[in-house]
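Next come the chains, spelled out residue by residue.
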Amino acid sequence: MTQRALDSSGEHTPGPPRPAMIDAGAELDPVHPVDLPPSGHRATGLTTAEVAERVARGEVNDVPVRSSRSLTEIVRANVFTRFNLIIGVLWVIMLFVAPIQDSLFGFVIVANTGIGIIQEWRAKRTLDSLAVIGEAKPTVRRDGSPVEVSTHEIVLGDVIELGPGDKVVVDGTVAEADSLEVDESLLTGEADPVLKRPGDPVMSGSFVVAGGGAFTATKVGREAYAAQLAEEASRFTLVHSELRSGISTILKYVTWMMVPTAIGLIISQLVVKDNNFKDSVARTVGGIVPMIPEGLVLLTSVAFAIGVVRLGRKQCLVQELPAIEGLARVDVVCLDKTGTLTEGGMDITEVRPLNGSDEAYVHQVLRSLGSSDPRPNASLQAIIDAYPAGGDGKAAWAVTEAMPFSSARKYSGATFTEADGTSSAWLLGAPDVLLPEGDPTLDEIDHLNQQGLRVLLLARVPSGELDAPDAAEGDVPTALVVLEQRLRPDAAETLKYFAQQNVATKVISGDNAVSVGAVAGKLGLAGAENTLDARRMPTDPDEMATAMEQNAVFGRVTPQQKRDMVAALQSRGHTVAMTGDGVNDVLALKDADIGVSMGSGSEATRAVAQIVLLNNSFATLPSVVAEGRRVIGNITRVATLFLTKTVYSVLLAILVVCSQVEYPFLPRHLTLLATLTIGVPAFFLALAPNKERAQPHFVRRVMRYAIPSGVIAAAATFTTYLLARHHYSGPGALEAETSAATLTLFLVAMWVLAIIARPYTWWRIGLVAAMGLGFLIVLVVPWLQEFFALKLVGTTMPWAAVGIAVAAAAALEFSWRLVGRRFGA
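Reading guide: rules and limits
- Once a new chain begins, its residue numbering starts again from 1 and follows that chain's sequence as written.
- The predicted nature of this model means local features are confined to residues of pLDDT at least 70 and side-chain atom pairs, given and counted, to a pLDDT of 80 or more, with totals for whole chains, interfaces and linings taken over all residues.
- Side-chain descriptors were evaluated using all non-hydrogen atoms of the structure, hydrogens and water having been removed beforehand.
- A run of H or I in DSSP becomes a helix once it reaches four residues, and a run of E becomes a strand once it reaches two; helices and strands are each numbered from the N terminus.
- Whether a residue is buried, partly exposed or exposed follows from its accessible area with a 1.4 Å probe, protein chains only, as a fraction of its type maximum: under 20%, in between, or over 50%, in that order.
- By nonpolar core is meant a set of buried Ala, Val, Leu, Ile, Met, Phe, Trp, Tyr and Cys residues that side-chain atoms within 4.5 Å join together.
- Angular values range over 0 to 180 degrees, each being the angle between N-to-C directions of two axes fitted as lines to C-alpha atoms, with helices fitted over their stretch in contact.
- Any angle between 65 and 115 degrees counts as roughly perpendicular, while under 35 counts as roughly parallel, over 145 as roughly antiparallel, and the rest as oblique.
- Contact between two residues is taken to exist if any of their heavy atoms lie within 4.5 Å; hydrogens are not considered.
- Classification used: nonpolar for Ala, Val, Leu, Ile, Met, Phe, Trp, Tyr, Cys and Pro, charged for Asp, Glu, Lys and Arg, polar for all others including Gly.
- Two joining distances apply to patches: 9 Å for like charges and 5 Å for nonpolar side chains (Val, Leu, Ile, Met, Phe, Trp, Tyr), and every residue must have over 30% relative accessible area and no salt bridge.
- Accessibility throughout is a Shrake-Rupley quantity obtained with a 1.4 Å probe, and a residue counts as covered only by protein chains that appear here.
- Criterion for a salt bridge: a side-chain nitrogen of Lys or Arg within 4 Å of a carboxyl oxygen of Asp or Glu.
- Think of it this way: DSSP has to see at least two bridges between two strands before they count as a pair.
- Note on aromatic contacts: the rings of Phe and Tyr and the six-membered ring of Trp form a pair at centre separations within 6.5 Å, being stacked when their planes are under 30 degrees apart, edge-to-face when over 60 apart, and tilted otherwise.
- Each polar contact in these results corresponds to two N or O atoms within 3.5 Å; when the atoms are within protein, one needs to be able to donate a hydrogen and the other to accept it, and residues that are neighboring in sequence are counted only if both atoms are side-chain atoms.
- Confidence of the predictor at the level of single residues is given by pLDDT, which spans 0 to 100.
- A helix's residues, less one, multiplied by 1.5 Å, set its expected span.

S.K.: Is there a simple way to think about the overall build of the protein chain in this case?
M.R.: In terms of regular secondary structure, the protein chain is built from 27 helices and 21 strands. Burial analysis of the protein chain (825 residues in total) assigns 57% to the buried set.

Structure follows, in structure tokens:
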């Protein structure tokens, strides 16, 4: 896996506010004086005694890392809600004025809240444990030896080692630098990596993009610049999603409808009718309670929480819960080839000397290049494995200058003093970068690329500054190093899954486009033959978007281009997921709708990604997509159930107020109906498999079904109630009227449930049938009849109630099909 560079910055929304611009060259002001090693000397770090002394003084990086809400916050968020307050007050009133069966709704709320707390607490434990697994541990020098410690164990004055992809975790001053390049764009907005030398400051929140070195910590804990930013960014988030914001919008409108309706109902039942006080209070509460879709918020939290637990079992860390929802809406996935489609390691299949070069001499150059970089990337590691120092009894030459690989340059290099004392300088990198266009060697390389092989060019260059812009001018091609990449065994199946789900896949790589296309073709990627060299990519955003939609494979992509590609796709209305594992992926990951990082990727990518695949398996991604679709699709279904109840409850209350009649139901009746037609079915439907891609406009999609359903249910129920009032008379008439109205409302609500349960499976049919059987048992078992005050009197009115319900069911079918045709399913 090549190390790649980060080269631009960008805002990330939602997230913590961006800090003020910083002068990267400003002097750091340590809390306590820290002894820095003399320039050019290796820093040995602190001793164990010095570390203990600093810990005792509180000079430790003790910023709490919070990956989730605390248990206290979970309890508070689930208990102290607006609707729980309303229901709690009504519950207390009912405990004083009515039998216990009219207070059942309060116990249901207690049970629901308890379930919500337990599920979210389980999710918190999963999230916290996975966060510990995925936490990067910086290497510090203690007692002269490098050791890995947790970020919060770093103390003032620690010497922390840096390599490509490492994040600077605290503020400090560079102690050692070996071509050390640091990207500070996430803090300063400066796009270009900054070359750091001993004595230069480094800031927490920046990333190493090339080279290596070490720095001495001068500010730790909350004194470090990015500490507050990092703490805020790592906090549990649950609200930045269309689903949750949509539910909040719905609840706001429900509150506006509920308050005046409830006031009118109270006046109607207590003043106008002048009924028995306790009975009036009970029926008033019975009208108010079902207006509240209290279970909808709970069920959403539970669905998200269970999603986190399910994905946690598959070693997938969801750093922000709405990411589950976001990936379900994705229609384009941008993949990096290395580490995603291919495994990190590579193997040398051939070394072809050029221009009459001696093969043994070429092997010696490669052996020496392998020894020149203490942090080799995957390509150089393959060379080290094939030509180890000391292999064939030959030692590597002495290194006088080394330049690590950078994706901005596309090559690395080194200068050696050879065995005979002569000096030579070499570059190793992308042939199409090091060779001029039209060079005949490129035809040979193109043939190898078409086979899916990766080719590096070894070129000798005149001695000079290796990192000069014109370092490759006058180079002499010496050999081609042919590498074979290891394909991930699960990549083909994963690409096939996305194709079946109508999710477009774009492979974006810094490697040669033809080579990447060949690899993608081996894995069965549709459109793999449509490749584009990003150096020929149009810069106009609209033209770039067209090129992105027309092609599937892109090579020689720079870090800034990756970001521009994501923006171009988003400009066409696409929801984009980006996977990556290198530092050059960071900005694209931040700008994508969903960023997915491999667990073995750089700390930089893990820090900005919403989802981290801790098992490094790209094959986990379909599970995340499926989980998101399950959550969103099912919550949309059950939200229609909850809001249908709210609509018919509000309308029934309005009809009662306008007609000046007793409210037909006691709380026990609506508790029974809500349990059988909403509560129990919604729980099972919310956790069922669902492979439909999530659709936008959640509020509109839910309300366009809930409103007509609620209107039909209210009209049918009130019609039955009015007929029953004319049919029955004398003592017990109100109970008989209530029973008939309850029967109609139950049958209509059951039909809504039956529609939402489609497409039918054996368990969905069983669920609907079980709910119907439950209501039938209540109607025929004497003590349940008495408990719920439900007893059908005679045959005329009950059969009339059934007939009205059948007519309402036909109206429901017609209205749902009409909405589906006019607005889409």
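S.K.: Hey, could you run me through the nonpolar core in this one?
M.R.: Most often, soluble globular proteins keep nonpolar side chains buried together rather than apart. If you look at the biggest cluster of nonpolar residues, it comprises 127 residues, and the most contacted ones within it are Leu327, Ile611 and Phe775. The leading source of residues in this core is helix α21 (residues 621-659), at 16 residues. If you look at the next biggest cluster of nonpolar residues, it comprises 24 residues, including Met537, Ala547, Ala568 and Val576.

S.K.: So what exactly am I meant to see when it comes to the packing of helix α17 (residues 541-550) against helix α18 (residues 559-571) here?
M.R.: Two measures define how a pair of helices packs: the angle their axes make with one another and the distance between the axes. In the contact formed by α17 and α18, the axes pass within 8 Å of each other and the chain directions differ by 90°. The angle between α17 and α18 falls in the class roughly perpendicular. Mapping the contact onto sequence places Pro541, Met544, Ala545 and Met548 in α17 and Asp564, Met565, Ala568, Leu569 and Ser571 in α18. Residues that form the contact of α17 with α18 fall into these classes: 7 nonpolar, 1 polar and 1 charged.

S.K.: For this particular structure, what's the right way to read a nonpolar patch on the surface?
M.R.: Together, Leu71, Val75, Val79, Phe80 and Trp121 make up an exposed nonpolar region whose accessible area comes to about 450 Å². Sort the elements by how many residues they give to the nonpolar patch and helix α2 (residues 71-79) lands first, with 3 residues. The residue valine 75 is located in helix α2 in this model. Note on valine 75: relative accessible area 32%, which makes it partly exposed.

S.K.: Would you take a moment to explain unusual backbone geometry for this structure?
M.R.: As a rule of thumb, non-glycine residues mostly have phi less than zero, and peptide bonds are mostly trans rather than cis. Between arginine 758 and the following residue, proline 759, the backbone shows a cis peptide bond with an omega angle of -5°. Structurally, proline 759 can be placed in the loop between α24 (733-756) and α25 (762-780). You will see that arginine 556, though not glycine, has its phi angle at about 55°, which is positive. With respect to the helices and strands, the residue arginine 556 is situated in the loop between β18 (553-555) and α18.

S.K.: Is there a simple way to think about the sheet that holds strand β16 (residues 504-508) in this case?
M.R.: Strand pairing in a sheet relies on backbone hydrogen bonds. The paired strands run either parallel or antiparallel. Across the sheet, which stays open at both edges, the 8 strands sit in the order β8-β21-β20-β19-β9-β16-β18-β17 with mixed pairing between neighbours. If you trace the sheet from one side to the other, it starts and ends with β8 (316-318) and β17 (531-533), each paired once. Direction aside, neighbouring strands of the sheet carry axes that sit 20° apart on average. Of the strand pairs in this sheet, strand β9 (residues 332-335) and β16 are connected by 4 bridges, and their pairing is parallel. Bridging across to β16, valine 333 finds its partner in threonine 505. Sheet contacts for α18: β9, β16, β18 and β19 (576-580); angle to β19, the most-contacted strand, approximately 160°.

S.K.: What's the story with the packing of aromatic side chains in this structure? I'm lost.
M.R.: To describe a pair of aromatic rings, you give the distance between the ring centres and the angle between the ring planes. Within the structure shown, the criterion is met by 11 aromatic pairs. Between the aromatic rings of tryptophan 397 and phenylalanine 416, the centroid separation amounts to 6.0 Å while the plane-to-plane angle is 65°, which identifies the pairing as edge-to-face. Linking tryptophan 397 in the loop between α12 (378-386) and β11 (398-406) with phenylalanine 416 in strand β12 (residues 411-417), this pair joins segments that are 19 residues apart in sequence. You can call tryptophan 397 buried: its relative accessible area is 10%. With a centroid separation of 5.0 Å and 80° between ring planes, the pair formed by phenylalanine 787 and phenylalanine 788 is classed as edge-to-face.

S.K.: It is not clear to me how the pattern of salt bridges should be interpreted in this structure. Could you clarify?
M.R.: Pairing is possible between side chains of opposite charge, provided their charged atoms come close. Here the structure, examined in full by the defined rule, presents 21 salt bridges. As a salt-bridge pair, arginine 141 and glutamate 161 come within 2.9 Å of each other at their nearest N and O atoms. You can see arginine 141 sitting in strand β1 (residues 139-142) and its partner glutamate 161 sitting in strand β3 (residues 159-162), a full 20 residues away along the chain. Of the two residues, arginine 141 and glutamate 161, both sit in the buried class.

S.K.: I'm lost on the pairing of strand β7 (residues 207-219) in this one. Help?
M.R.: Two faces, one strand: in a regular strand the side chains alternate between the faces of the sheet. In terms of burial, β7 is largely enclosed, as 13 of its 13 residues are buried. Of the strand pairs in this sheet, β3 and β7 are connected by 4 bridges, and their pairing is antiparallel. Bridging from a neighbouring strand, valine 159 pairs with threonine 216 of β7. Bridging between strand β4 (residues 171-183) and β7 involves 10 bridges; their strand directions are antiparallel. Looking at β7, one finds that valine 182 is bridged to valine 208.

S.K.: Would you mind showing me how to read the side chain of glutamate 662 here?
M.R.: Position of glutamate 662 relative to the elements: it lies in the loop between α21 and α22 (667-686). Separated by 2.9 Å, the side chains of glutamate 662 and arginine 725 make a polar contact.

S.K.: Explanation requested: the environment of threonine 478 in the structure shown.
M.R.: Looking at where threonine 478 falls in the secondary structure, it is placed in strand β15 (residues 476-487). For the pair threonine 478 and aspartate 358, spaced 120 residues apart in the sequence, the C-alpha separation amounts to 9.0 Å.

S.K.: For this particular structure, what's the right way to read the side chain of serine 515?
M.R.: Among the structural elements, serine 515 can be located in helix α16 (residues 513-522). Exposure remark for serine 515: the relative accessible area of 1% places this residue in the buried category. Beyond its immediate chain neighbours, meaning those up to four positions away, serine 515 contacts Asn449, Gly452, Leu453, Arg454 and Gln485.

S.K.: Explain the confidence of the model for the protein chain here, please?
M.R.: Interpretation of the predicted coordinates at a detailed level should be avoided for regions scoring low in pLDDT. On average, the protein chain scores 80 in pLDDT, and the residues at 70 or more come to 85%. When pLDDT is averaged over each element of the protein chain, α25 comes out on top at 94 and helix α6 (residues 227-233) at the bottom at 47. Long-range and interchain partners of residues 1-33, a stretch whose pLDDT sits below 50, account for 108 contacts in this model, where long-range means more than four residues apart. The low-confidence segment residues 229-240 (pLDDT under 50) makes 31 contacts with residues lying over four places distant or belonging to another chain.

S.K.: Got a minute to help me understand α21 in this structure?
M.R.: Three- or four-residue spacings in an α-helix give side chains the same orientation, since the helix completes a turn every 3.6 residues. Its 39 residues place the ends of α21 57 Å apart at the C-alpha level, agreeing with the 57 Å of an ideal helix rising 1.5 Å per residue. The first or second residue beyond α21 is glutamine 660, which carries a positive phi of 60°.

S.K.: Could you clarify how one ought to interpret the environment of leucine 434 in this entry?
M.R.: Along the chain, leucine 434 falls in helix α13 (residues 431-434). Using a relative accessible area of 3% as the deciding quantity, one classes leucine 434 as buried. Leucine 434 sits 41 residues away from aspartate 475 along the chain, and the two C-alpha atoms are 7.8 Å apart. Excluding residues within four positions of it along the chain, leucine 434 makes contact with Tyr411, Leu427, Leu428, Gly429, Leu457, Ala472 and Asp475.

S.K.: When you look at the environment of serine 709 in this model, what are you seeing that I'm missing?
M.R.: Considering the arrangement of structural elements, one finds serine 709 in helix α23 (residues 698-727). Serine 709 sits in the buried class, given a relative accessible area of 0%. Taking C-alpha positions, serine 709 is 8.1 Å from tyrosine 648, a pair spaced 61 residues apart along the chain. When near neighbours in sequence (up to four residues on either side) are disregarded, serine 709 contacts Thr644, Val752, Leu812 and Trp816. Within the local environment of serine 709, its side chain forms a polar contact with the side chain of tryptophan 816, the two groups lying 2.8 Å apart.

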